[in-house]
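These are the residues of each chain, in order.
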Amino acid sequence: MMKRENRNSKRTRYFTGRIFFRNFLMLMALAVVPMLLAIFLGTYSQRVVVEKEVALYNLRTVSLLQDSMDELFESCLQQADYLLSDNDINLFLITQKDGYTFYHNDVIYKLMKVQMQANPDFLGIYIYSNVNGKFVSNYGETSLARFFDTGWLEDYQSYDGENSFFYAFRDGQTSHLQPVRILSLYKILTVGEQRRGVIVYNINFDQFIRKISQYRGEYDISLSLRTEDGSLVEPLWGENDLHSLNGSFDENNRLETDDFIVYRSPVEFSDLYLYSVLSRDALQARLTTSQATLIAVVAGVCLLVLALAILISMRIYHPFHKILEELETPAGLLRNKVAITQDEESFILESIHSMSAKNEEITEELSRRVALLKQAQSVALQSQINPHFLHNTLDSISWATMRLTGGKNEASVMLSKLAQILRYSLDDVDTLVPLQKELNNTRIYLELQELRYRNAFQVEWDIQDDVPDCQVIKILLQPIVENAIQHGLKPMSRGGLLKISAHTDGELLLISIFDNGAGIPAERLASIQSVLHSDMIQQQESIGIVNVHQRIRLFYGEEYGLELSSDQGTLVTLKLPVVRTV
């Protein structure tokens, strides 16, 4: 007994341990799987968001820089056109060398000073006449030989392009002789194919770059002015020696390499393009920082989930452990009450105690019913004597009538057929019989009824050749045929028809009994069909039909049974499985 208790105790610990770990793993799986999915989606979403953020940032920056360049070029063109519309300047440009002067220097000087004051990026404005070789600037009319900035003239004289507006980057100096990077914008005045002169706007490009540098961001590697094929014209900031910019730009003027993301944008009134280069390393660093934050948050959540999973698993484990300990000693369930603190445990154990008490009541009730069943079996055995007695008595009456009449007569024939029917119900105690026997018993019953009703109805048989050897349960057809005669054909004096058919349909055996009698009223038909579809065994006036249907379902299963319809007569169809002897 001690060994058995130890073995039960080990099984209890093993089972409750399985419960603990199973619940723990299930809770962890429910938490970890969505968390891993969240990490994946979060990382992917973060990458998409950062890339879009960088792209939008760069597009904004390039757009601002492009606007600044476009505004600078357009402003110079407009101001040059304004100067060229002045009479004094036009007279200055066409005055012949050593000719009479018709222009006023002070007017030209004032016009230049106004434009200089309007744009702080201007270093100087120069007007040069090809006709007379004279030169005037915002400093006044000066000899080129004595002027501090003459580099612009070389670019102008060497320019052989067809455009009336062009640019040049050059190193120069301020009026205080400080070195400076200059962007010179040239507006050439021509008459026909002859140049009359040029207006030059000199921009302090170092100052201009300092002004636009405020747009530079953490991702920017460089910004430069280049030609369409990528040749460097002027660096603005950053590392511009980018030999790995191989490939073609897409329709959005974007180029991606393993190391860079490059955007380009055209500068108006020129053949220049702004090239903005972003670092993939900076982008990856941003992503790494975001991912590290995400991982730290997820790790913290994982630890919290782990702690909660352990607590919940222990919360589930303890009640099971106490309940199983109680179940190890079922004899004491009714005598002992264990102190339970949790409501769930109390409810379960109270249910177990109640169940044990009910089991005792059920055991007593079962013993009582077994005794009643034995008594019923004895009564059933005794009741079998009555049909045998009736069968033997009918045979005796049949012989007595034949002795009285000197041979067979109608009464003796009817008694003989009734005796055959009773014998069929008592013989062949096997549950299944060939359908042929069931058909023969039905024929005998019909012969008896034809004698009774004086051939008031006809019988037609339609039996498929391979059907008679199918196995069926006994006394299926006779109750249905009896019901058809009593309720369908009996009210008719003549012209009654009873048709019995049997055939197979795949794995189904279908037996139909049709009578052209009075039929069944709709309400009565609905009541019978309701009983046929019910799971409860009920008593009805049509006891034969209901009895046959319930016997079929109990023996073969609920998918089989009896179907009933009434339209210009009554049709009863028995649906059975095809069963043949091996």
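Refer to the structure presented above.
Please read all numbers here as calculations on a predicted model, not as lab measurements. (Residues numbered from 1 in each chain as written. Predicted model: local features only at pLDDT ≥ 70, side-chain atom pairs only at ≥ 80, totals over all residues. Heavy atoms only, no water.)

Caption draft 1: Main features of the overall build of the protein. Along the protein, the regular secondary structure elements total 13 helices and 18 strands. Across the protein, the fraction of contacts at a sequence separation of at least 24, relative to all contacts at a separation of at least 6, is 61%. For the protein, the exposed surface amounts to about 34,100 Å²; the carbon and sulfur share of it is 55%. (Helix = DSSP H or I, 4+ residues; strand = E, 2+ residues; numbered from the N terminus. Contact = heavy atoms within 4.5 Å. Areas by Shrake-Rupley, 256 points an atom, 1.4 Å probe, with all protein chains shown as cover.)

Caption draft 2: Broad picture of the pairing of strand β6 (residues 194–204). When you tally the buried positions in β6, you get eight out of 11 residues, the bulk of the element. Examined bridge by bridge, strand β1 (residues 122–129) and β6 share seven bridges and lie antiparallel to one another. Bridge pairing in β6 places F122 opposite I203. Bridge analysis of strand β5 (residues 179–191) against β6 gives 10 bridges, and the strand direction is antiparallel. Each residue of the ladder has a partner; that of L189, found in β6, is G197. Connecting the antiparallel pair β5 and β6 is a turn made up of two residues, with G192 showing a positive phi of about 70°. (Buried < 20%, exposed > 50% of the residue type's maximum accessible area, 1.4 Å probe, protein only. Pairing = 2+ DSSP bridges.)

Caption draft 3: Quick look at the sheet that holds strand β9 (residues 254–256). Read from one edge of the open sheet, five strands run β8-β7-β11-β10-β9, paired in antiparallel fashion. Both outer strands of the open sheet, β8 (232–238) and β9, are each paired with one neighbouring strand and no more. Neighbour-to-neighbour, the strand axes of the sheet open up by a mean angle of 20°, direction not taken into account. The sheet contact formed by strand β7 (residues 220–226) and β8 spans five bridges and is antiparallel. Bridge assignment links L223 to a residue of β8, and that residue is W237. Helix-sheet contacts for helix α5 (residues 205–212) involve β7 and β8, and the interaxial angle to β8 is about 50°. (Axes fitted to C-alpha atoms, helices over the stretch in contact; angles between N-to-C directions.)

Caption draft 4: Highlighting the pattern of salt bridges. Tallied over the full model, the rule gives seven salt bridges. Across the pair R181 and E234 runs a salt bridge whose closest N-O atoms are separated by 2.7 Å. Of this pair, R181 sits in strand β5 while E234 is found in strand β8, placing the two residues 53 residues apart along the sequence. The partly exposed category is assigned to R181, whose relative accessible area is 22%. Its relative accessible area of 5% is what places E234 among the buried residues. Two residues, R580 and D466, come together in a salt bridge whose shortest N-O distance is 3.5 Å. Here R580 is found in the segment after β18 (570–577), whereas its partner D466 is found in the loop between β13 (457–463) and β14 (471–473), with 114 residues between them in sequence. Judged by its relative accessible area of 35%, R580 is partly exposed. Judged by relative accessible area, which is 35%, D466 ranks as partly exposed. Here the salt bridges share partners, and the residues they tie into one network are D171, R181 and E234. (Salt bridge = Lys/Arg side-chain N within 4 Å of Asp/Glu carboxyl O.)

Caption draft 5: Inspection of the packing of aromatic side chains at higher detail. If you walk through the whole model with that rule in mind, you get 20 aromatic pairs. Here F166 and Y186 contribute two aromatic rings whose centre-to-centre distance is 4.3 Å and whose plane-to-plane angle is 0°, an arrangement assigned as stacked. Taken together, the residues span a long stretch of sequence, with F166 in strand β4 (residues 165–173) and Y186 in strand β5 at a distance of 20 residues. By relative accessible area, which is 8% here, F166 ends up buried. By way of ring pairs, the aromatic residues Y126, Y128, F135, Y139, F147, F148, W152 and Y156 are connected into one cluster. Sitting over the face of the ring of Y273, R264 holds its NZ or CZ atom 5.3 Å from the ring centroid. (Phe/Tyr/Trp six-rings, centres within 6.5 Å; stacked < 30°, edge-to-face > 60°. Lys NZ or Arg CZ within 6 Å of the ring centre and 35° of its normal.)

Caption draft 6: Layout of the nonpolar core. In terms of nonpolar packing, the biggest core is built from 42 residues, with I511, I513, I552, L562 and L574 touching the most fellow members. Ranked by residue count, the leading element in this core is helix α10 (residues 435–453), at seven residues. Every residue in contact with I552, bar those within four places of it in the chain, is listed here: I473, L476, G557, Y560, G561, L574, K575 and L576. (Core = buried A, V, L, I, M, F, W, Y, C linked by side-chain atoms within 4.5 Å.)

Caption draft 7: Region of interest: the sheet that holds β5. Within the open sheet, the six strands sit side by side as β3-β2-β1-β6-β5-β4. Their pairing is antiparallel. Lying at the two open borders of the sheet, with one neighbouring strand each, are β3 (140–141) and β4. Bridge count for strand β2 (residues 135–137) against β3 is two bridges, and the pairing is antiparallel. Directly across from S137, in β3, lies its bridge partner G140. Sitting on the sheet, helix α2 (residues 87–94) is in contact with β1, β2, β5 and β6, with an inclination near 55° to β1. This element, helix α4 (residues 151–158), spans β1, β2, β4, β5 and β6 of the sheet and lies at about 150° to β4.

Caption draft 8: Molecular detail of a nonpolar patch on the surface. On the surface, L304, L308, L311 and I312 cluster together into a nonpolar patch covering about 390 Å² of accessible area. Relative to the helices and strands, I312 is located in helix α6 (residues 280–327). (Patch = residues over 30% accessible without salt bridge, like charges linked within 9 Å, V, L, I, M, F, W, Y side chains within 5 Å.)

Caption draft 9: Seen up close, the side chain of H549. One can find H549 in helix α13 (residues 543–556). In this view, H549 contacts L532, G561 and L562; residues no more than four positions away in its chain are not counted.

Caption draft 10: Focus on the environment of D505. With respect to the secondary-structure elements, D505 resides in strand β15 (residues 496–505). Overall, the relative accessible area of 48% leaves D505 in the partly exposed class. In the structure, D505 is positioned 73 residues away from V578 in sequence and 9.0 Å away in space, judged by C-alpha atoms.

Caption draft 11: Inspection of the pairing of β1 at higher detail. Most of β1 sits inside the fold, with eight of its eight residues counted as buried. Direction of pairing for β1 relative to β2: antiparallel, over a ladder of three bridges. By the bridge assignment for β2, Y128 is matched with F135. Here β1 folds back onto β2 in antiparallel fashion, the turn holding five residues, of which G133 has a positive phi close to 70°.

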